[in-house]
Amino acid sequence: MYNFKEVEKKWQDKWYSEGTFNAKNDYTMKKWYGLIEFPYPSGQGLHVGHPRSYTALDIIARKRRMQGYNVLFPIGFDAFGLPAENYAIKNHIHPKITTDKNVHHFREQLKSIGFSFDWSREINTTDPDYYKWTQWIFIQLYKHGLAYKATMPINFCTGCKVGLANEEVVNGVCERCGSPVVQKEKSQWMLRITKYAQRLIDDLDDVDYLDKIKAQQRNWIGRSEGAEVKFEISGTEDYLLVYTTRPDTIFGATYMVIAPEHKLIEKYKDRITNLDEVEEYKKKAALKSDFERSELNKDKTGVEIKGIKAVNPLTNEEIPIWISDYVLGSYGTGAIMAVPAHDTRDFEFAKKFNLPIKQVIRDKNSSEDDGNKELTEAFTDVENGIAINSGFLNGLTSKEAIKKVIEYLEEHKLGEKKVNYKLRDWVFSRQRYWGEPIPMVYCEKCGWVPVPEEELPLKLPDVKDYEPGENGESPLAKHEEWINTTCPHCGGKARRETDTMPQWAGSSWYYLRYMDPHNDKELASKEALEYWSPVDWYNGGMEHTTLHLLYSRFWHKFLYDIGVVPTKEPYAKRTSHGMILGSNGEKMSKSKGNVVNPDEMVRDYGADALRVYEMFIGPFDQTAQWSMDSIRGCLKFLDRVWNMQDFLVDGDEYSPKFEKMMNKAIKKVSSDIEEMKFNTSVATFMTMVNEFYKAKEINKAEFETFLQLLNPFAPHITEELNQRIGGKEELAYKAWPTYDEAKTIEDTIEIPVQIKGKVKTTITINKDEDEEVVKEKAKEAIKSQIEGKKIIKEIYVKNKIYNIVIG
RNA sequence: GCCGAUGUGGCGGAAUUGGCAGACGCACCAGACUCAAAAUCUGGCGGGAAACCAUGUGGGUUCGAGUCCCACCAUCGGUACCA
């Protein structure tokens with residue numbers, strides 16, 4: 001009987017004490033760098049979702065070692081973050097203490113599953129030796145003008161009087177006390193990621209990410225091409241600047257809309273005759289949280305600004321200006337020209353406030369559309385539009401009209417071509433204790449000054465009070481002894497920045513630190529960076545394919561620009577795994593009581609069974625449902641593997657009856673691993689075991705190869721069996737098996753014989769048999785069904801199929 | 001609404017990418033072993049008496065469609081007025 005407890009312990013002790021899987025410092029070897037998203041060490045411990053991703057890359061890493069690569073497969077902990085801080089506040093235990101405890105637990109759990117991580121390179125984002133370099137990167141960003149202060153709204157709980165993270169705001173109210181959450185203006189550090197928007201799109205062409213990941217990145221950045229157009233404000237030299245992707249519809253612009261935040265109101269308040277009404281609207285809009293603005297108020301609201309009007313530059317008509325919160329201050333110019341006939345939102349707004357709707361595009365595919373009928377909805381299709389009622393654009397397709405009108409605008413200095421992105425700059429400040437201190441000081445005389453690099457790391461002060469500050473201030477704002485310092489520039493009195501960095505900071509560059517984790521001179525040495533960059537294969541969750549991936553690509557590109565890293569992109573290849581749901585098909589959560597604890601799985605079924613099951617559970621990139629019956633089935637499979645010892649016979653070569661199967665299996669498993677089709681690899685192993693059981697025989701050569709193929713999936717049992725059957729070398733150090741293509745091909749093939757595409761029978765033929773011989777044989781086999789019928793057509797595909805069409 | 005997935009036996013899923021639908025596993029049934037049970041081993045297992053019918057629904061292309069095209073339905077994930 002297979003005792004997985006004993007066997008797994010034995011091999012783990014050996015691997016982790018000897019450092020079997022540690023990367024070598026031999027920079028002449030060919031390298032492979034595999035990366036998994038390092039976990040946040042939560043109090044709940046490891047989730048069964050973690051081993052899905054980790055086992056997958058562990059399998060690839062183990063295979064790469066056997067293929068002769070110097071493999072870097074590191075692990076660390078992304079340990080700053082909200083849960084530790086909230087737990088600390090509630091239970092009055094310092095977050096460092098809980099974090100250390102959780103990390104310890106995670107480490108034990110990860111080791112119990114037998115991952116081939118290089119534990120000598122373990123990192124932790126809360127370690128000052130680590131965040132020293134996170135702070136260093138921030139200072140470089142600041143020095144290059146990519147970090148700046150701006151006033152940005154934060155979520156502010158009206159009950160607790162603290163700033164909240166987005167995830168703490170649930171349906172517009174505070175997650176903890178249920179009070180309404182409003183937006184509060186606060187001066188924050190921002191990172192200018194928008195400067196990299198175009199490169200973040202363009203360089204996707206050079207990396208091997210799943211298409212859906214690339215699509216998500218592109219959508220998030222949200223590039224759009226259009227024009228900025230000037231609309232003169234009647235009776236002034238001034239103009240209102242708008243952004244539009246449809247400059248071909250300017251003839252149909254019947255009014256303008258500005259965002260509540262727009263500075264136009266301040267500028268012309270003397271001329272506005274209904275200023276009170278406008279100010280009232282502004283105030284109401286400001287009080288609304290993001291949630292109210294977007295979720296609750298699909299219904300458009302707005303107020304006309306009376307006393308000022310704009311002039312349509314192409315029709316020269318005077319049109320009214322409205323204020324409405326469906327126009328966002330943060331996108332484009334914060335003002336739009338409204339073309340109700342050809343924009344859904346403008347159409348709704350115009351209908352509600354009875355504004356004129358002027359059709360200037362007709363549908364080229366609709367004979368009824370002559371531009372004279374009343375529209376029931378906006379016509380927005382760019383592909384099928386023809387300009388009408390549009391002066392010099394009449395008759396042009398929408399695309400031609402866009403080109404022509406931009407030329408016209410540029411020629412008459414009325415506007416210009418413009419590209420916009422949805423992507424916003426990155427709000428980098430958090431009013432929190434448990435994060436990296438932002439290494440900046442403020443001096444009355446010199447303004448913001450970075451902490452000198454030789455003084456890094458700027459350590460998070462070890463304080464007892466990390467309760468949130470008053471009015472959304474950071475907890476650090478209460479610690480005067482830490483805040484007060486001297487200006488590095490003039491030596492005068494200065495105060496430290498009290499906000500900390502977001503959790504994204506430490507994870508934006510951690511893959512670089514793994515290359516040289518103990519370096520106290522640089523974030524990593526030039527040689528290490530040159531050798532290990534880029535990450536060859538990065539696997540993680542779909543939930544991180546927008547923000548984390550984008551942020552780290554941005555930091556990497558910046559580090560490339562200042563000559564720190566040698567590659568433009570951090571990750572050569574990115575894949576993602578599907579989620580694991582509870583056995584009831586719902587997301588695992590304590591409240592639903594469907595959480596599966598990996599410790600219990602290792603205890604009851606063993607690490608190998610857990611690993612094999614998580615690979616067998618279904619297609620790797622898709623959501624899967626946990627099943628206790630199935631993990632039991634995987635343990636049964638491993639027991640059958642163990643008992644194959646009883647059939648062992650001598651033999652240094654594959655026996656004739658298994659030669660084909662062995663060669664085919666090597667081929668199949670090798671390619672399955674590369675394509676992450678782990679589930680069919682496991683099926684292959686099971687089929688092989690069934691065959692060995694049928695024969696009640698397996699020779700040494702066959703057993704050794706079988707064990708080696710299975711080793712990346714189930715490393716413990718295979719090493720143990722290999723030792724027992726007298727394998728000379730440990731599997732971890734052996735070369736990956738090779739196959740002979742010729743020996744994967746069967747000599748005889750069964751092919752279906754069809755009549756009109758329906759299978760009637762199958763015949764067995766020799767491979768590459770002569771066409772006429774096959775046809776003869778097939779016709780003989782279905783003689784009764786074709787006798788006396790006229791054969792109209794015959795389709796013969798060599799080694800595949802023979803199909804007869806009869807009359 | 002938009003973007004991205006997914007839909008195949010009782011269940012999880014497979015299908016060389018247009019060529020025998022249901023590999024492999026679970027569950028279930030039967031047999032062997034056992035005083036008996038568990039474990040293990042062996043066999044069976046989409047529906048239908050059969051012709052045949054079956055891959056979410058309806059159409060199409062093809063000698064041939066789970067796979068390609070068109071329209072729709074359902075489920076899941078992401079996102080939220082981006083001009």
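Being a predicted model, the structure only gives us computed values, none of them experimental.

Participant: Where do I start with unusual backbone geometry in this structure?
Facilitator: For residues besides glycine, phi is generally negative; the peptide bonds are generally trans as well. Pro457 follows Leu456 through a cis peptide bond whose omega is 0°. Looking at the secondary structure, you find Pro457 in the loop between β22 (447-450) and α13 (480-483). Looking along the chain, the bond that leaves Ser533 and enters Pro534 is cis, with omega of -10°. Turning to its location among the elements, Pro534 is positioned in the loop between α16 (526-532) and β25 (537-541). Of note in the backbone geometry, Asn354 takes a positive phi value of approximately 60° without being a glycine. Looking at the element boundaries, Asn354 is found in the loop between α11 (344-353) and β17 (361-363).

Participant: Got a minute to help me understand the protein's contact with RNA strand B in this structure?
Facilitator: Residues in contact with RNA strand B amount to 53 residues; listed here are only the nearest, Thr245, Tyr331, Arg345, Lys422 and Asn803. The sugar-phosphate portion of RNA strand B accounts for 64% of its atoms within 4 Å of the protein, the bases making up the rest. In the environment of RNA strand B, a phosphate oxygen lies 2.5 Å from a nitrogen or oxygen atom belonging to the side chain of Tyr331. A distance of 2.9 Å separates a phosphate oxygen of RNA strand B from a polar atom in the side chain of Asn679. Here the surface near RNA strand B gets 7 residues from one element, more than from any other, and that element is helix α22 (residues 678-695). Looking at side-chain class alone, the surface near RNA strand B contains 19 nonpolar, 16 polar and 18 charged residues.

Participant: Where do I start with the packing of α22 against helix α23 (residues 700-710) in this structure?
Facilitator: When two helices pack together, their arrangement is given by the angle between their axes and by how far apart the axes lie. For the pair α22 and α23, the least separation of the axes is 11 Å and the interaxial angle reads 160°. For the element pair α22 / α23, the angle class is roughly antiparallel. As α22 packs across α23, the resulting crossing turns out to be left-handed. On the side of α22, the interface is formed by Phe685, Met688, Val689 and Phe692, while α23 contributes Glu702, Phe706, Leu709 and Leu710. Here the contact of α22 with α23 is composed, by residue class, of 7 nonpolar, no polar and 1 charged.

Participant: Would you explain the packing of helix α19 (residues 607-616) against helix α24 (residues 715-724) in this entry?
Facilitator: At a minimum axis separation of 7 Å, α19 and α24 run at an interaxial angle of 125°. On the basis of their axis angle, the class for α19 and α24 is oblique. Where α19 abuts α24, its residues Ala607, Asp608 and Arg611 lie against Pro715, His716 and Ile717. Grouping the constituent residues of the contact of α19 with α24 by class yields 3 nonpolar, 1 polar and 2 charged.

The rules behind the values
- Residues numbered from 1 in each chain as written.
- Chains lettered and ligands numbered in written order.
- Predicted model: local features only at pLDDT ≥ 70, side-chain atom pairs only at ≥ 80, totals over all residues.
- Heavy atoms only, no water.
- Helix = DSSP H or I, 4+ residues; strand = E, 2+ residues; numbered from the N terminus.
- Near = heavy atom within 4 Å.
- Polar contact = N/O pair within 3.5 Å; in protein donor to acceptor, adjacent residues only side chain to side chain.
- Nonpolar A, V, L, I, M, F, W, Y, C, P; charged D, E, K, R; others polar.
- Axes fitted to C-alpha atoms, helices over the stretch in contact; angles between N-to-C directions.
- Parallel < 35°, antiparallel > 145°, perpendicular 65-115°, else oblique.
- Left-handed = near helix turned anticlockwise from the far one by under 90°.
- Contact = heavy atoms within 4.5 Å.

The analysis is restricted to geometry; functional conclusions fall outside its scope.
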